[in-house]
Amino acid sequence: MASVPPAHRPSSSPQDFGAFADPFQPDPVLEEVLQQASGLLCRWLGQAGHGTPLPGLSVLPVVEPELAGLGSERLLADLQLVMEGAYNPNHPGALAHLDPPPLSASIVADLICAGLNNNLLAEELSPSLSRLERALCAWMAGRLGLPDGAGGVAASGGSLSNLMALVTARHQRGLACRGEAVVLCSEEAHVSLVKATAVMGLPPEALVQLPVTAAGTLEPQALEERLAQLDRAGTPVIAVVATAGTTVRGALDPLEPIAALCRRYGHWLHVDGAIGAIFAFSERFRTRLTGLGLADSITVNPQKLLGITKTSSLLLLADPRHLQRAFATGLPYMEPSWGGGHQGEAGLQGTRPGEILKLWLGLRQLGLDGVAALIDAAVQRRTDLEQRLRAMGGLSLCSGPLHLLAFRPDGCEGTAAERWSAATRAALLAEQLMLSRPVYRGHHHLKAVLGNPHTLPYHLERLSLVVQQSLAEPPHG
Ligand SMILES: *Cc1c(COP(=O)(O)O)cnc(C)c1O
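What you see is a predicted model, and the numbers here were worked out from it, not measured in a lab.

Calculation criteria
- Residues numbered from 1 in each chain as written.
- Predicted model: local features only at pLDDT ≥ 70, side-chain atom pairs only at ≥ 80, totals over all residues.
- Heavy atoms only, no water.
- Helix = DSSP H or I, 4+ residues; strand = E, 2+ residues; numbered from the N terminus.
- Rg over C-alpha atoms; globule rule 2.2 N^0.38 Å.
- Buried < 20%, exposed > 50% of the residue type's maximum accessible area, 1.4 Å probe, protein only.
- Contact = heavy atoms within 4.5 Å.
- Areas by Shrake-Rupley, 256 points an atom, 1.4 Å probe, with all protein chains shown as cover.
- Lys, Arg positive; Asp, Glu negative; His and termini not counted.
- Charge placed at Lys NZ, Arg CZ, Asp CG, Glu CD.
- Near = heavy atom within 4 Å.
- Polar contact = N/O pair within 3.5 Å; in protein donor to acceptor, adjacent residues only side chain to side chain.
- Nonpolar A, V, L, I, M, F, W, Y, C, P; charged D, E, K, R; others polar.
- Pairing = 2+ DSSP bridges.
- Axes fitted to C-alpha atoms, helices over the stretch in contact; angles between N-to-C directions.
- Parallel < 35°, antiparallel > 145°, perpendicular 65-115°, else oblique.
- Left-handed = near helix turned anticlockwise from the far one by under 90°.
- Phe/Tyr/Trp six-rings, centres within 6.5 Å; stacked < 30°, edge-to-face > 60°.
- Patch = residues over 30% accessible without salt bridge, like charges linked within 9 Å, V, L, I, M, F, W, Y side chains within 5 Å.
- Salt bridge = Lys/Arg side-chain N within 4 Å of Asp/Glu carboxyl O.
- 1 Å grid on protein atoms, 1.4 Å probe; cavity = no way out; pocket = protein on both sides within 12 Å on 5 of 7 lines; lining within 4 Å.
- Points joined across faces, edges and corners; volume = space filled by probe spheres on them.

Undergrad: Could you give an account of the overall build of the protein, naming the residues involved and the relevant values?
TA: Counting its secondary structure elements, the protein contains 14 helices and twelve strands. Here the C-alpha radius of gyration of the protein, 25 Å, is about what a compact globule of 477 residues would show, namely 23 Å. By principal-axis analysis of the C-alpha atoms, the protein measures approximately 75 × 60 × 45 Å. By the burial criterion, 50% of the 477 residues in the protein qualify as buried. Across the protein, contacts joining residues at least 24 apart in sequence account for 72% of those joining residues at least 6 apart. When the accessible surface of the protein is split by element, carbon and sulfur atoms take 57% of a total near 22,100 Å². Where the 36 positive side-chain charges of the protein centre and where its 43 negative ones centre are 6 Å apart.

See the structure below:
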């Protein structure tokens, strides 16, 4: 006998929504609450420009659950309180970090992803999403120049992608039990490599940080000398990590000569392209990333410039089968994979949301032209700001070909630079312009990340004026 759906149980009050959606008919109350929540979110996004990127301390709602559960009205009011204290990436003056406004289609996809509540651990828990992830990773790998058969896996952030890349490289080299093995990178490579090598049980000196040029890029000559030295000493090399887009200034390590050296010595090349790899989508920048396709593995973070909602990072490999070799454990409690293997066996994470959905929908919303336009406009804003600051005189500027720019007054060092950067950041915040304050080469700088599509020439003009005033002010020291 066919099972008969139980009658729809009315909620205790008209405002209350059931803890779980009715499986037999669309839940009108849930729909209403989702609409109200969407309304809150759209109002928050739409007020961004009237406020400030960084709100002051706000009231936090009650943290602990009450004995009796709450209805939607209280829940939404509490949500609103958290939203009021949130950082505001949709503000045109939000220029401090690699945290752009959320791309609209990725917000929608994130909502659907939450509702689907699938699990990328195994195919039977995410049949369509597993296939989508594999297919989109393969496509992305091809776009970045990796060979046919390339692919990868999504991860919750670039730090994890970098860690998984190094673990995979170490496994593929047969160095898992060699405590003296090293990883080479530039001294301006990302701090996540420090974490990765520590998690891998390696001593701090296993991360060999090589000197950079004045432009902040890895010096191939220095790499060549060190590789020869390690070779003579018989020290095993896990991987060479080239950075495509350093975190302070967006410098691009020269990928082609580095790849040639890796090939000569038979070393694994990982490109940390968390920031820069996506620039291969712009015809104007593709040539600057020549050699990217020669990598064994690439980290790319679409969350950083495209505004795919957090988190969105991919680890792409020329031969993705290495992932399974490094991470597969067998999943005895799952049905066998009917495709290319469970993604839970192709990386460190077990249970994992279908983050690929928001990347896929976001890319489809933008289109290839839209992606290129976002990249080109970001670089244009950096060029614009750089010209304004250069014209002012008296500033040391640190940038690269991407959309990042750091600066400080000429000769302003140590505590003077610390004071200048703090005072100028505060003056900028008073104008609703938020920059960050990294310590770069031993001195505080101000840094602008120009990936925010809402930032107009007018904002850059105001920014320049505040910086100019900071130079006119008596001693930074
Ligand atoms: C941001 C960044 C990372 C780490 O990415 P998360 O998503 O923050 O973990 C790695 N490398 C570079 C160059 C980065 O800029």
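Now that the structure has been shown, we can carry on.
Undergrad: Please give an account of the site of the ligand that cites residues and values.
TA: Of all residues adjacent to the ligand, which total 14 residues, the nearest are Gly158, Ser159, Asp272, Gln303 and Lys304. At 2.6 Å, a side-chain N or O of Asp272 approaches a nitrogen atom of the ligand. The separation between an oxygen atom of the ligand and a polar side-chain atom of Gln303 is 2.8 Å. Taking 380 Å² as the accessible area of the ligand by itself, protein coverage stands at 86%. Elements that contribute at least two residues to the shell around the ligand include exactly α5 (158-172) and α10 (302-305). A total of three residues in the shell around the ligand trace back to one element, the largest contributor, which is α5. Here the residues of the shell around the ligand sort into two nonpolar, ten polar and two charged.

Undergrad: Account for the sheet that holds strand β6 (residues 297-300), naming residues and giving values.
TA: Strands sit in the order β1-β7-β6-β5-β4-β2-β3 across an open sheet of seven strands; the sheet is mixed. Two strands bound the open sheet, and with one partner strand each, they are β1 (151-155) and β3 (207-210). Ignoring strand direction, the axes of neighbouring strands in this sheet form an average angle of 20°. Pairing geometry for β1 and strand β7 (residues 313-317), over five bridges, is antiparallel. Paired with Gly152 across the two strands is Leu316, which belongs to β7. Helix α6 (residues 192-199) contacts β2 (182-186), β3 and β4 (237-243) of the sheet and is inclined by roughly 155° relative to β3. In the packing of helix α7 (residues 220-233) onto the sheet, contacts are made with β2, β3 and β4, and the angle to β2 comes to roughly 170°.

Undergrad: Describe the packing of helix α3 (residues 104-116) against helix α12 (residues 356-392), naming the residues involved and giving the relevant values.
TA: One way to put it is that α3 packs onto α12 with a least axis distance of 8 Å and a crossing angle of 150°. When the axis of α3 is compared with that of α12, the two are roughly antiparallel. Where α3 crosses over α12, the handedness of that crossing is right-handed. For the pair formed by α3 and α12, the contact residues are Ser104, Ala105, Ser106, Ala109, Asp110, Ile112, Cys113 and Leu116 on the first element and Leu357, Lys358, Leu361, Gly362 and Gln365 on the second. Considering only residue class, the contact of α3 with α12 consists of seven nonpolar, four polar and two charged.

Undergrad: Give me unusual backbone geometry: which residues, what numbers.
TA: Residue Thr311 is reached from Lys310 by a cis peptide bond, and omega for that bond is -5°. By the element assignment, Thr311 lies in the loop between α10 and β7. A positive phi angle is found at Asn117, which is not glycine, with a value near 50°. Tracing the chain through its elements places Asn117 in the loop between α3 and α4 (127-143). Residue classification places Asn117 among the exposed residues on the basis of a relative accessible area of 65%. In this structure, Gln432 is a non-glycine residue whose phi angle is positive, near 60°. Inspection of the secondary structure puts Gln432 in the loop between α13 (414-430) and β10 (439-440).

Undergrad: How would you sum up the packing of aromatic side chains? Please name residues and give values.
TA: Taken as a whole and assessed by the stated rule, the structure comprises three aromatic pairs. Here Phe279 and Phe285 contribute two aromatic rings whose centre-to-centre distance is 5.7 Å and whose plane-to-plane angle is 80°, an arrangement assigned as edge-to-face. On the accessibility criterion, Phe285 (6% relative accessible area) is buried. The interplanar angle of 70° and the centroid separation of 6.1 Å between the aromatic rings of Phe407 and Trp420 together place this pair among those described as edge-to-face. Here Phe407 is found in strand β9 (residues 404-409), whereas its partner Trp420 is found in helix α13, with 13 residues between them in sequence.

Undergrad: Can you tell me about the environment of Pro220, naming the residues and giving the values?
TA: Along the polypeptide, Pro220 turns up in helix α7. Taking the C-alpha atoms as reference points, Pro220 and Leu210, separated by ten residues in sequence, lie 9.6 Å from one another.

Undergrad: How would you sum up a nonpolar patch on the surface? Please name residues and give values.
TA: Together, Leu34, Val108, Leu111, Ile112 and Leu116 make up an exposed nonpolar region whose accessible area comes to about 420 Å². No other element matches α3, which puts four residues into the nonpolar patch. With respect to the helices and strands, Val108 occurs in helix α3.

Undergrad: Outline empty space enclosed by the protein, listing residues and values.
TA: In total, this model carries two cavities of 30 Å³ or more according to the counting rule given. Its boundaries defined by the atoms lining it, the largest cavity holds a volume of some 40 Å³. If you trace the largest cavity, you find it lined by Ala94, His97, Leu98, Asp99, Pro100, Lys304, Val449, Gly451 and Asn452. Its residues assigned to classes, the lining of the largest cavity comprises four nonpolar, three polar and two charged.

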